[in-house]
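Inside the fold
Chain by chain, the residues:
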Amino acid sequence: MTMQPMHNIPARGGIDYDESPFLAIWEITQSCDLACKHCRAAAQPIPHPDELTHEEGKALIDQIAGMQIPIFVFTGGDPLKRRDVFDLIRYAAGKGVQVAVTPSATPLLTREQIFKMKAAGVVRLGISLDGSCPEIHDAFRGLPGAWARTIQAIEWANEAGIPIQVHTTISRHNAHDLDNLCALFEKLAIVMWNVFFLVPVGRGQLDDLLNGEEFEQVFGKIYELSRRANFQIKTTEAMHYRRYLLQHNLEEKKMGHGHPGGRPQGAYEPGAPTSAATTRNMSWATRRVNDGKGFVFISHVGNVYPSGFLPIHAGNIRETPLAEIYRNAPIFKALRDTSRLEGKCGACEYKEICGGSRARSYALTGDPLAPEPCCIYQPKNWDPEREQTAEAFRQSQAAEPLVTL
């Protein structure tokens, strides 16, 4: 069966995000031999005794196929710690489900295992690389030799013909290393660089989180790199990068009108020619996926969340079908309703394409609808003084809580 490469799937593909997500991630096990500093799952070496069984995993895959979700990711923990992972991949592929896998760079990730994943039907491999050198990456991952093993795994995946997507979690440990990382990825022939912005949950530490000004600086660097990289660059839990991207393309479009040569390379104008790099990266700005909005996360025990970084329990697939949870759970419906956004996020003219990281808002404030804590943009129609008055009034009311944790 011929699989469409995931990076070529249409921006929204006709998907109604109120009905079905663009991306579903299944944490097939919490077991992992690494001890990464920022680990969302706080993974442990031993599998959880109540993780979904093989038959329950197949039933979940049936639901994913029935909902026609374009991208389904097996994550962990370390998926290779689960003995039936290849059987589950084959079952999913047989159902027409496109499966990506994000293994950990441990001794389990051998050349043989990578080729077995390819044979089973994996369409993309997600590999984490958080530094351009062993000193940065291995300190991040808590295991000497992890960097070298990761590089070897990428080379094996290229040999096997599996497209590679590299995940980098940005924090104070490595924000200075982006140029070197990009140069390394150019040599490694990856197809996408997924830049994760830290959400301080699990082992993720608040002291490692960049502030709003530093976010903008990193956005500038990513924007610069995206204009010349030969691979796609997208962000995770930095929804306001879409605002940054559109702002700068609009600015360059205006500047282009005053130059004899027309639009500068990389400027975006609907209907006009664009550079390949700009086209690749603008497509992600129009997807509008956010926590609970085009995105769903299923834990190793079957709990369903708006994302792996937003630990508000919306139901369990052992009790309720995934589609019913995604469509009807109060937290999912609230997160898809931009009129519910509070503060400057609610007033922002970019809220339909951005909406802020709901996971980071929850992690720092306890409120998933609060303003994005790491965004410095001031919306045009936002009055801070009026907002303070409105907030005082809201707090004076005995409002029913949005969710029960």
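Residues numbered from 1 in each chain as written. Predicted model: local features only at pLDDT ≥ 70, side-chain atom pairs only at ≥ 80, totals over all residues. Heavy atoms only, no water.

Notes on the overall build of the protein chain
- Of regular secondary structure, the protein chain possesses 14 helices and nine strands.
- Scored against the burial criterion, the 405 residues of the protein chain give a buried share of 55%.
- Considering only residue pairs separated by 6 or more positions, the protein chain has 72% of its internal contacts joining residues 24 or more positions apart.
- For the protein chain, the computed accessible surface area is about 17300 Å², with 52% contributed by carbon and sulfur atoms. (Helix = DSSP H or I, 4+ residues; strand = E, 2+ residues; numbered from the N terminus. Buried < 20%, exposed > 50% of the residue type's maximum accessible area, 1.4 Å probe, protein only. Contact = heavy atoms within 4.5 Å. Areas by Shrake-Rupley, 256 points an atom, 1.4 Å probe, with all protein chains shown as cover.)

A closer look at the pattern of salt bridges
- Under the definition given, this model contains 17 salt bridges.
- Taking the shortest distance from any N to any O, the salt bridge between lysine 95 and aspartate 62 comes out at 3.6 Å. With a gap of 33 residues between them, lysine 95 in the loop between α2 (85-94) and β3 (99-101) and aspartate 62 in helix α1 (residues 54-67) connect regions that are remote in the sequence.
- For aspartate 62, a relative accessible area of 33% puts it in the partly exposed group. (Salt bridge = Lys/Arg side-chain N within 4 Å of Asp/Glu carboxyl O.)

What to know about unusual backbone geometry
- A cis amide bond links glycine 76 to the next residue, glycine 77, at an omega of 20°.
- For glycine 77, the location among the structural elements is in the loop between β2 (71-75) and α2.
- Despite not being glycine, glutamine 68 shows a phi value in the positive range, around 55°.
- Tracing the chain through its elements places glutamine 68 in the loop between α1 and β2.
- When its relative accessible area of 67% is taken as the criterion, glutamine 68 is described as exposed.
- In this structure, glutamate 237 takes a positive phi of about 55° despite not being glycine.
- With respect to the secondary-structure elements, glutamate 237 resides in the loop between β7 (232-236) and α8 (240-256).
- Overall, glutamate 237 belongs to the buried group, its relative accessible area being 3%.

Remarks on the nonpolar core
- Core analysis: the biggest nonpolar cluster contains 100 residues, and Phe72, Phe74, Met117 and Trp193 have the highest contact counts within it.
- The residues contacting phenylalanine 72, other than those within four sequence positions of it, are Ala24, Trp26, Leu60, Ile61, Ile64, Val97, Gln98, Val99 and Ala100.
- By size, the runner-up hydrophobic cluster in this structure holds seven residues, among which are Met239, Cys348, Ile353 and Tyr377. (Core = buried A, V, L, I, M, F, W, Y, C linked by side-chain atoms within 4.5 Å.)

A closer look at α1
- Its 14 residues give α1 an end-to-end C-alpha distance of 20 Å, which sits within 8% of 20 Å, the value for a rise of 1.5 Å per residue.
- All buried positions along α1 are accounted for by Gly57, Leu60, Ile61, Ile64 and Met67. With its buried residues spanning 125° around the axis, α1 presents them on a single face. The outward face of α1, more than 90 degrees from its buried face, is lined by the exposed residues Glu55 and Gly66. (Expected span 1.5 Å × (residues − 1). Arc of directions from axis to C-beta.)

Examining empty space enclosed by the protein
- Enumeration over the complete set of coordinates arrives at five cavities of 30 Å³ or more.
- Counted as a void, the second largest cavity has a volume near 140 Å³.
- Lining of the second largest cavity is provided by 14 residues; of these, Lys344, Cys345, Cys348, Cys354 and Cys375 occupy positions nearest its centre.
- Elements with a minimum of two residues in the lining of the second largest cavity: α8 and α12 (343-347).
- Considering only residue class, the lining of the second largest cavity consists of seven nonpolar, three polar and four charged. (1 Å grid on protein atoms, 1.4 Å probe; cavity = no way out; pocket = protein on both sides within 12 Å on 5 of 7 lines; lining within 4 Å. Points joined across faces, edges and corners; volume = space filled by probe spheres on them. Nonpolar A, V, L, I, M, F, W, Y, C, P; charged D, E, K, R; others polar.)

Remarks on the sheet that holds strand β1 (residues 23-27)
- The strand order β7-β6-β5-β4-β3-β2-β1-β8-β9 describes an open sheet built from nine strands, whose pairing is mixed. Two strands close off the open sheet at either side, each with one partner strand: β7 and β9 (304-305).
- Pairing geometry for β3 and strand β4 (residues 122-128), over three bridges, is parallel. Of the residues in β4, the one forming a bridge with valine 101 is leucine 125. (Pairing = 2+ DSSP bridges.)

Describing the pairing of strand β5 (residues 164-170)
- When you tally the buried positions in β5, you get seven out of seven residues, the bulk of the element.
- With burial as the criterion, each face of β5 is covered, one bearing Ile164, Val166, Thr168 and Ile170 and the other bearing Gln165, His167 and Thr169.
- In this sheet, β5 lies alongside β4 in parallel orientation, the contact comprising four bridges. Counted as the bridge partner of glycine 126 is glutamine 165 from β5.
- Where β5 and strand β6 (residues 192-197) come together, six bridges link them in parallel fashion. Looking at the pairing, threonine 168 lines up with valine 195 of β6.
- Once you follow β5 into helix α6 (residues 178-188) and on to β6, the crossover reads as right-handed. (Right-handed = clockwise from strand over helix to strand, strands pointing away.)

From the geometry alone we can't say anything about function, so treat these as descriptive.
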